[in-house]
Amino acid sequence: MARDDASRAIGKIVSVSADRLVVELHGGSDNFTIVGFDDIHYVATLGSYLTVPMQAEYVVLEVVGLREKDSAQPHASQTELDKASSAKFLDVIPIGSMPIQGGSFRFGVSTFPPLYADALYARDEDLDRIFNVELPSETETKTDAAGVEQQGNVPHNIEIGTSAVFKGYPVKSRLDELFGGHVAVLGNTGSGKSCTVASIFQSVFMKPEAFAPLGAAFVIFDVNGEYRRALDNVPAWIKSCYLKATEPDMPILDPSEKRQEAEIKDRFKLPHWFMSVDEWALLLRASEKSQLPALRTALGLTTLFQETPEQEVVDGAGAGNDLNAIRNHVLAKIILSILHSDSSSPSKADRIQALLNTFSTDEISKETVSLGLTVYYGQFRDGQHQETTANYDALLELLKGHEQDEPVLPGYGNTPFSFERLQAALDLALFYEEANGNKQIREYCSQLVTRLKSVIDNPDYEFLRADVGALQDHDREPTHYVNRLLGIEVDDGRYKKERQICIIDLNDASDEIVELASAVVARLIFDRMRRADPRNAMPVHLILEEAHRYISEKPSRFAIDAGITFQRIAKEGRKYGAFLIVASQRPSELSKTVLSQCNNFIIHRIQNPDDLSQIRQMTPFISETVLRRLPSLPKQHALIFGNSVNIPTTFRVRDADPTPYSNDTQVRDIWYVPTDPEVSWTA
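Criteria and cut-off values
Residues numbered from 1 in each chain as written. Predicted model: local features only at pLDDT ≥ 70, side-chain atom pairs only at ≥ 80, totals over all residues. Heavy atoms only, no water. Helix = DSSP H or I, 4+ residues; strand = E, 2+ residues; numbered from the N terminus. Contact = heavy atoms within 4.5 Å. Areas by Shrake-Rupley, 256 points an atom, 1.4 Å probe, with all protein chains shown as cover. Phe/Tyr/Trp six-rings, centres within 6.5 Å; stacked < 30°, edge-to-face > 60°. Buried < 20%, exposed > 50% of the residue type's maximum accessible area, 1.4 Å probe, protein only. Lys NZ or Arg CZ within 6 Å of the ring centre and 35° of its normal. Expected span 1.5 Å × (residues − 1).

This next bit is on the overall build of the protein. Across its full length, the protein carries 20 helices and 25 strands. Taking the intrachain contacts of the protein between residues at least 6 apart in sequence as the baseline, contacts between residues at least 24 apart amount to 70%. Per element, the accessible surface of the protein, about 33100 Å² overall, is 48% carbon and sulfur.

Below, the discussion takes up the packing of aromatic side chains. Two measures describe an aromatic ring pair: the distance that separates the ring centres and the angle between the ring planes. A complete count under the given rule lists 18 aromatic pairs for this structure. Considering the side-chain rings of Phe-179 and Phe-218, the 6.1 Å spacing of their centres and the 85° angle between planes classify their relative orientation as edge-to-face. Placement of Phe-179 in helix α3 (residues 175-179) and of Phe-218 in strand β15 (residues 218-222) is noted, with a sequence separation of 39 residues between them. For Phe-179, a relative accessible area of 11% gives the class buried. Of the residues examined, Phe-218 reaches a relative accessible area of 4% and is grouped as buried. When the centroid spacing of 6.0 Å and the interplanar angle of 55° are considered together, the rings of Tyr-550 and Phe-566 count as tilted. Of this pair, Tyr-550 sits in the loop between β21 (540-544) and α16 (563-576) while Phe-566 sits in helix α16; the two residues are 16 residues apart in sequence, bridging distant segments of the chain. Summarising the burial analysis for this pair, Tyr-550 and Phe-566 share the class buried. Above the face of the Phe-431 ring, Arg-442 is positioned so that its terminal group lies 4.8 Å from the ring centre.

Here the focus is helix α4 (residues 193-206). Since one α-helical turn is 3.6 residues long, residues separated by three or four positions face the same way. Given a rise of 1.5 Å per residue, 14 residues ought to cover 20 Å, and the 20 Å separating the end C-alpha atoms of α4 matches this to within 8%. Burial runs high along α4: 12 of the 14 residues are buried.

Next comes the structure, spelled out in structure tokens:
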């Protein structure tokens, strides 16, 4: 052992087991304090570090416990304990290694120190190597939008707080590793999760470097209406978009706001035809066995009878079939089924008339069918009575001539249609299923029909209803919708970033709306990222507040739930540049698939036993001592671990400036006011 190491020796390892080691301090170590040649070192702090020299490297140990044992007393009458002479022990666990000369810290240990190896206190330079995530600073050259080359240093890390053990010591996280994977921010309500999330993206935008993070893209699903205030002090060159899902109680444009010039404020709109079949099933709570097939058929029929210049299906289900022939087949099959049913003649005629009022073709319409129906209902055709069997037989021949051997119906695409059109198409789909022999389908789908009507009448779903007739061509495409959401503009064939932050305020929305809106927007962004060329060129980070509300581990009793979308992004998003920042106070209720794909975890105070158990399952390499500290972590303190830091670290999160709108209620200040019976209390 080198002379420098010998002078730092504080004790020897006296016990080695698979899960921990024991260091006995040398005699004379009063109160676990070591006076070194460079400073005074307090080795009794839980979470502090020791090093053990082994050949060409140090094994780094973390202190997880401390105790002392009384020495044998020479006189039985002695009553006072001599602390200086008592044996002192540190319980430690090996956490990593680093070269003795130079080199960086590596997490994990392959060889345990032997018995009686010397344990050394850690110097400041050792801490630098343990915590350090800095990379050598290199001057980079980049070309700006005007084609001018600019030089400067691109940061490799961001400072996220200060160490809770080593006071004032900065804790940093590697930028690429932190934002190049999924992040989970977990903790009880009031423990500081929202401030942590705000502090992280504020650190990105406020770092004073030559190059600005104009290529960043954060989409915040703000279910508590907290984050708008957190953007007040970010630099003016950072642009944001604020969208509110429900009608605000006050005007969205507020002249007193600091960032009005930098923000775009508007109602959140999500055209309903951008939704997939599964997302329609989520909205309408469709069951998988009977309601989902009927819903899928109805969505395909929404555009079957619309006027289109082409008569051929270009792609999707039904390719190669004449659309008009399919229309005639659907109508003919339904009308024949009605005519052959056991209903009364007037009832049959009424149902056929209602059908043809909404859906018709040149070949099968009220005009072409009415003559044959007069044998059932003379008033169907302007009160004329021509009860001739020949007309009825001609009608049957007409309808049978348009029947086909079950052609493939067109699939559902992204062609605009109204909610009322879908309601009529669902009725048509139920007619068609009945014509195919499923006589109970209308009874099975009664709740689906009722749910659709409720959505149409509910003002909370106004954000889904877009005026189809008022749309411009580019508003009909999901790609253009996502580009505008992310602030991407096309300039002379090149993509240009106009905005870095988009806040979707879902504070006033119900859980159903939050679940639907987050799933659809996330899926649209993910689809856009998958089609991007080159891949991974425009990373997007989705910040999911109160994620347990819509990314649940518990399976839905309906056909689909929002968790499916986020599970796919969690598993595949890294390849395309789609990343999740998941914030939740109930990790035990979160999807285990999503949590398992997170690369970094920031854990605040956790007290619920189920949530603590979930944390233990996620973190097999974290010491039990560290996990036991989670229930007692102070506010704004957290444990971070993952590939963005060298070592699991408990730290105090840097202050968010300004903080999100999530302050604790000041009960004393609100309750207790000057007493004056003549004056009523006002806020």
